[in-house]
Amino acid sequence: MSSKGFAGRTAIVDLGTGAVEVRRLDEREAERFGGGLGLCIALAARAIPGPHGALGQENAVVIGAGPFVGTDLPATSRVYAVSALPCSNSIGWCGAGGMTFGCGLKYAGFDHVVVKGASSRPVYLSIHDDGVDMLDASWLSGKGAGRTCEELKARHGAQAGVLAVGPAGERLVSFAMAYVDGVSTLGRGGLGAVMGSKNLKAVVAGGSRGIGVADPVLYRSLRDGLVERIRRYPYLASWQDLGLLSSLPVVPAEVYRRLRVRRLACVSCPLGDKDMLKIEGAAPGDIVCSSSAVNLFMPLVYGMTDPLDAARCIARLDELGMDMFEFFGIMRLAASLQEMGLISGDPVIDVSSPSSMLSWADKVVERDGVGDTLAGGFDRIVREFGEQALRCAPPTFRGMVTYVGPLSALPWTYFGTMELGQILDPRGPHVGASGSPTYFARRGLEVFPGHLARMGVPEQAVKRILQGREGAGRGLNVGRLLRYSHRWFTILGSLGVCARAQVNRFYSAGLLARLYEAVTGIPTDAEKLAERADRSWTLLALANAGAGRGLTPGEVPRAWYGGEGFRDYVDGTALSLEDIGGMIADYYDEQGWDPVTGRPSPARLQELGLAE
Amino acid sequence: MERDDPGRVMQRSITTHPEKCTGCLRCALACSFRHTGMFNPMRARIHIRMDGPACDISFDDACTGCLACVGGCLYGALAAERQREGSA
Ligand code: SF4
Ligand code: SF4
Ligand code: SF4
């Protein structure tokens, strides 16, 4: 199968023994799960014993890129990792705009790498044309995520892609992330800590192999049509200029433009929304790269007033390798505990103060005094401070802050799939809309049928979605819509297409099926893509359901319902717990899972060939 | 080289605007696919080098002037230019 979309090999690396096994891609499995994210899930379901024990040697990290990654189809850069994650104690997916790491993996001749065991000393993996080397990383210990990336590129060549953790990952801070090429973040929920627990500082990937396609003539014609549509998109120039900042204007456009050195894009992306800014004092040479300028300025929503201070603060968190939403959520809670006299330590904890946050970021990573407790995340804080911590904690779900909603960093009100998805994705809250049309608040319902048809939602399901919920009399069933958003997201992820709104709008299920066939040569239609995605997502649910992890309405964050909570996406009325509980049940029902326990039903498992 | 005007040889050349470059490598992907049937920027005849804030776009001797790279770039960092080269 090599050189037709897939690179054709999977590496299984045991960090404990240093053994590396290179297997030919299992073509049957590739077809059953599509590739990329889907195949990561399939490999993880076999390699990971369960959702608990994320930081134990038994846990594995499966990293992979789909068959479109490495081609020039627009925005096909995505790289995924699946692992048991420490914050949520779940087997979760992590995804990132893969910059050049995803395609580097493919050009080295690998679609996936499974990393098992743990090394007794710091190591990094170098994945190249001839295989995988496990190399000493002691010279990188303590170095920041961006710096590690630069030094590894200097050693292995600028064309190599690098996945690295910073000191937070090395010191097992539970909300440490990994960074792709020093720009994209991978692994909200603690993938950085998992890599740290394995003494795995980084993975470098690059090679000289080519990725070919099965039907070049069909490929060219489909690609050219797609690129032409993007070229003619009336908002192309404004997306390329401001991107997310136009819908989330955390700073005025002039301020951003003054600081911008250039925009950056993942490999193959014509709508690049990553940034290189010049921020004095933020980094060596004052040059800072980020997955989005919006992220760099995010501390402004926590009360900081100077955009440069905000950016310096996030640049430091990125270099340390920590999730900013989790860090700020935890520091808000810590500030309340300090006010109550339960936490001592200098300086005063103040999320609006850059110097306080920089100082506490170091304390957390160094696990200095109470910094050690904070590094353990919400669960550890609640264990140590009990009821008092619970009372002043921001809304959390399974040990992580819900980043969108009442009392959260992004206090958005209307309850769409991104909002509900925070509690219905096995990995817990994450930043992503799964390609759903509710990404934009209160869109008119008249645009939904077109979007849903593009996502390949069957007609009968479109009716159920647009009927609203039984008894509630509202026009959009968010639970049922989320089920198809998860499917759409899984299709995109399995092929390697970015799910961001500005990108996925150009793809449809039908087009993806034709492209899949042109790239891989595997006969495919939209229904087959959907079935593969359902198989993958259901397998992920099953891998987590083993620990009895169905969601109950009692777990819905208290701040989400009642007068000050979320509002209905269509009519704006306040949601009750029953409303949200009904959406959860509808989501499970639409998946063919038990509406109460969330366990995939035996009949559904049979249909998907997962019954054994 | 192409002859599209009696008595004149027109050569296509490419103007680069490195300040607009995002490093997306769409140009190099298009080039490698056009000339090798496979995707890998290492096989391309256009080379994008980002070094901190600086960006350098260059072409090697094997470049045929086919303009596939220009077609791939949606950021305006590459533009095709027609140059008069003199009488045939
Ligand atoms: S939209 Fe952003 S994250 Fe997605 S591929 Fe493009 S640059 Fe990467
Ligand atoms: S003009 Fe053609 S050969 Fe030259 S770099 Fe561009 S695509 Fe490659
Ligand atoms: S396609 Fe354009 S923006 Fe992208 S790397 Fe090439 S020159 Fe730069």
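Basis of the calculations
Residues numbered from 1 in each chain as written. Chains lettered and ligands numbered in written order. Predicted model: local features only at pLDDT ≥ 70, side-chain atom pairs only at ≥ 80, totals over all residues. Heavy atoms only, no water. Helix = DSSP H or I, 4+ residues; strand = E, 2+ residues; numbered from the N terminus. Expected span 1.5 Å × (residues − 1). Buried < 20%, exposed > 50% of the residue type's maximum accessible area, 1.4 Å probe, protein only. Arc of directions from axis to C-beta. Contact = heavy atoms within 4.5 Å. Near = heavy atom within 4 Å. 1 Å grid on protein atoms, 1.4 Å probe; cavity = no way out; pocket = protein on both sides within 12 Å on 5 of 7 lines; lining within 4 Å. Sits in = over half its atoms within 2 Å of the grid points. Nonpolar A, V, L, I, M, F, W, Y, C, P; charged D, E, K, R; others polar. Domains from an automatic or database assignment. Buried area = accessible area lost by both parts, 1.4 Å probe. Salt bridge = Lys/Arg side-chain N within 4 Å of Asp/Glu carboxyl O. Polar contact = N/O pair within 3.5 Å; in protein donor to acceptor, adjacent residues only side chain to side chain. pLDDT = per-residue confidence, 0-100. Pairing = 2+ DSSP bridges. Axes fitted to C-alpha atoms, helices over the stretch in contact; angles between N-to-C directions. Phe/Tyr/Trp six-rings, centres within 6.5 Å; stacked < 30°, edge-to-face > 60°. Lys NZ or Arg CZ within 6 Å of the ring centre and 35° of its normal. Patch = residues over 30% accessible without salt bridge, like charges linked within 9 Å, V, L, I, M, F, W, Y side chains within 5 Å. Areas by Shrake-Rupley, 256 points an atom, 1.4 Å probe, with all protein chains shown as cover. Lys, Arg positive; Asp, Glu negative; His and termini not counted. Charge placed at Lys NZ, Arg CZ, Asp CG, Glu CD. Parallel < 35°, antiparallel > 145°, perpendicular 65-115°, else oblique. Left-handed = near helix turned anticlockwise from the far one by under 90°.

Draft legend 1. Spatial organisation of helix H7 (residues 216-231) of chain A. Taking 1.5 Å per residue, 16 residues should reach 22 Å; H7 of chain A reaches 22 Å between its end C-alpha atoms and fits that length. For H7 of chain A, the complete set of buried residues consists of Tyr219, Leu222, Arg223, Leu226, Val227 and Ile230 of chain A. All buried residues of H7 of chain A project into a common sector of 130° when viewed along the axis, lining one side. Of the surrounding secondary structure, the elements contacted by the buried residues of H7 of chain A are helix H8 (236-241) and helix H21 (509-520) of chain A together with helix H1 (26-36) of chain B.

Draft legend 2. Main features of the site of ligand 1. Residue and element names in this part refer to chain A. Contacts to ligand 1 come from Ala75, Ser77, Cys266, Cys269, Leu271, Gly272, Asp273, Lys274, Cys498, Arg500, Gln502 and Val503. Because more than half of its atoms lie within 2 Å of the grid, ligand 1 is assigned to the second largest cavity. Looking at the shell around ligand 1 residue by residue, the class counts come to six nonpolar, three polar and three charged. Three or more residues apiece are contributed to the shell around ligand 1 by two domains, here domain 2 (235-248 + 251-296) and domain 4 (414-607).

Draft legend 3. View of the interface of chain B and chain A. At the interface, 27 residues of chain B touch 39 residues of chain A. Here chain B meets chain A over a buried area of about 2300 Å², counting both sides, of which 59% is carbon and sulfur. Three residues, Arg26, Phe39 and Leu74 of chain B, lead the burial of chain B against chain A; their summed loss comes to 29% of the area buried on that side. The interface formed by chain B and chain A holds zero salt bridges in total. Counting across the chain B and chain A interface gives 17 residue pairs in polar contact (both at pLDDT 80 or more). The set of elements that each furnish at least two residues to the side of chain B that touches chain A consists of H1 and strand E4 (54-59) of chain B. Partitioned by chemical class, the residues of the side of chain B that touches chain A number 18 nonpolar, six polar and three charged.

Draft legend 4. Seen up close, the confidence of the model for chain B. Residue and element names in this part refer to chain B. In this model, chain B carries an average pLDDT of 84, and 78% of its residues clear a pLDDT of 70 or more. The weakest mean pLDDT in chain B belongs to strand E1 (residues 2-5) at 35; the strongest belongs to H1 at 98. A low-confidence stretch, residues 84-88 stays under pLDDT 50, and its non-local contacts, those more than four residues away or across chains, total 13 contacts. Taken over the whole predicted complex, pTM reads 0.95, whereas the ipTM for its chain interfaces reads 0.95.

Draft legend 5. Structural view of the sheet that holds strand E5 (residues 90-96) of chain A. All names here are of chain A. The strand order across the open sheet formed by six strands is E2-E1-E6-E3-E4-E5, and the pairing between neighbours is mixed. Two strands bound the open sheet, and with one partner strand each, they are strand E2 (20-24) and E5. Averaged over all adjacent pairs, the angle separating strand axes in this sheet is 15°, with direction ignored. Of the strand pairs in this sheet, strand E3 (residues 61-65) and strand E4 (residues 79-85) are connected by four bridges, and their pairing is antiparallel. Looking across to E4, one finds that Ile63 is bridged to Ala81.

Draft legend 6. The arrangement of the packing of aromatic side chains in detail. All names here are of chain A. Enumeration over the complete set of coordinates arrives at 20 aromatic pairs over all chains. Aromatic pair Phe327 and Phe328: ring centres 5.5 Å apart, planes at 85°, arrangement edge-to-face. Aromatic side chains Trp560 and Phe566 sit 5.1 Å apart centroid to centroid with 85° between the ring planes, which places their arrangement in the edge-to-face category. Phe566 shares its class with Trp560; the two are buried. Three or more aromatic residues joined by ring pairs make a cluster, and in this case those are Tyr80, Trp93 and Phe489. When the ring centre of Phe110 is taken as origin, the NZ or CZ atom of Arg9, which lies over that ring, is 4.2 Å away. Arg483 extends its terminal NZ or CZ atom over the ring of Tyr484, reaching a point 4.5 Å from the ring centre.

Draft legend 7. Expanded view of a negative patch on the surface. Together, Asp215, Glu517, Asp525 and Glu527 of chain A make up a negatively charged patch on the protein surface. The topology assignment puts Asp215 of chain A in the loop between strand E12 (200-205) and H7.

Draft legend 8. Fine view of the sheet that holds strand E7 (residues 123-128) of chain A. Residues and elements named next belong to chain A. In space, the six strands of this open sheet follow the order E8-E7-E12-E9-E10-E11, with mixed pairing throughout. Each end of this open sheet is capped by a strand with a single partner; those strands are strand E8 (131-136) and strand E11 (184-186). Averaged over all adjacent pairs, the angle separating strand axes in this sheet is 20°, with direction ignored. Across three bridges, strand E10 (residues 178-180) lies against E11 in antiparallel orientation. If you follow Tyr179 over to E11, its bridge partner there is Thr185. Lying on the sheet, helix H4 (residues 145-156) is in contact with E7, E8, strand E9 (161-165), E10 and E12; it crosses E9 at an angle near 145°.

Draft legend 9. Structural context of the packing of helix H19 (residues 478-495) of chain A against H21 of chain A. Residues and elements named next belong to chain A. As a packed pair, H19 and H21 sit with axes 12 Å apart at the nearest point and diverge in direction by 25°. Here H19 is positioned roughly parallel relative to H21, judged by the angle of their axes. Note on packing geometry: the crossing formed by H19 with H21 is left-handed. Touching Trp488, Ile491, Leu492 and Leu495 of H19 are Ala509, Leu512 and Tyr516, all from H21. Partitioned by chemical class, the residues of the contact of H19 with H21 number seven nonpolar, no polar and no charged.

Draft legend 10. Just unusual backbone geometry, in detail. The phi dihedral of Ala75 of chain A falls on the positive side, at around 60°, and the residue is not glycine. Considering the arrangement of structural elements, one finds Ala75 of chain A in the loop between E3 and E4. One non-glycine residue, Leu25 of chain B, lies in positive phi territory at about 65°. Classification of Leu25 of chain B as buried rests on a relative accessible area of 15%.

Draft legend 11. Structural view of the site of ligand 3. Around ligand 3, 13 residues are found, and the nearest of them are Cys21, Cys24, Leu25, Cys27 and Cys73 of chain B. When the residues that make up the shell around ligand 3 are grouped by side-chain class, the tally is 10 nonpolar, two polar and one charged.

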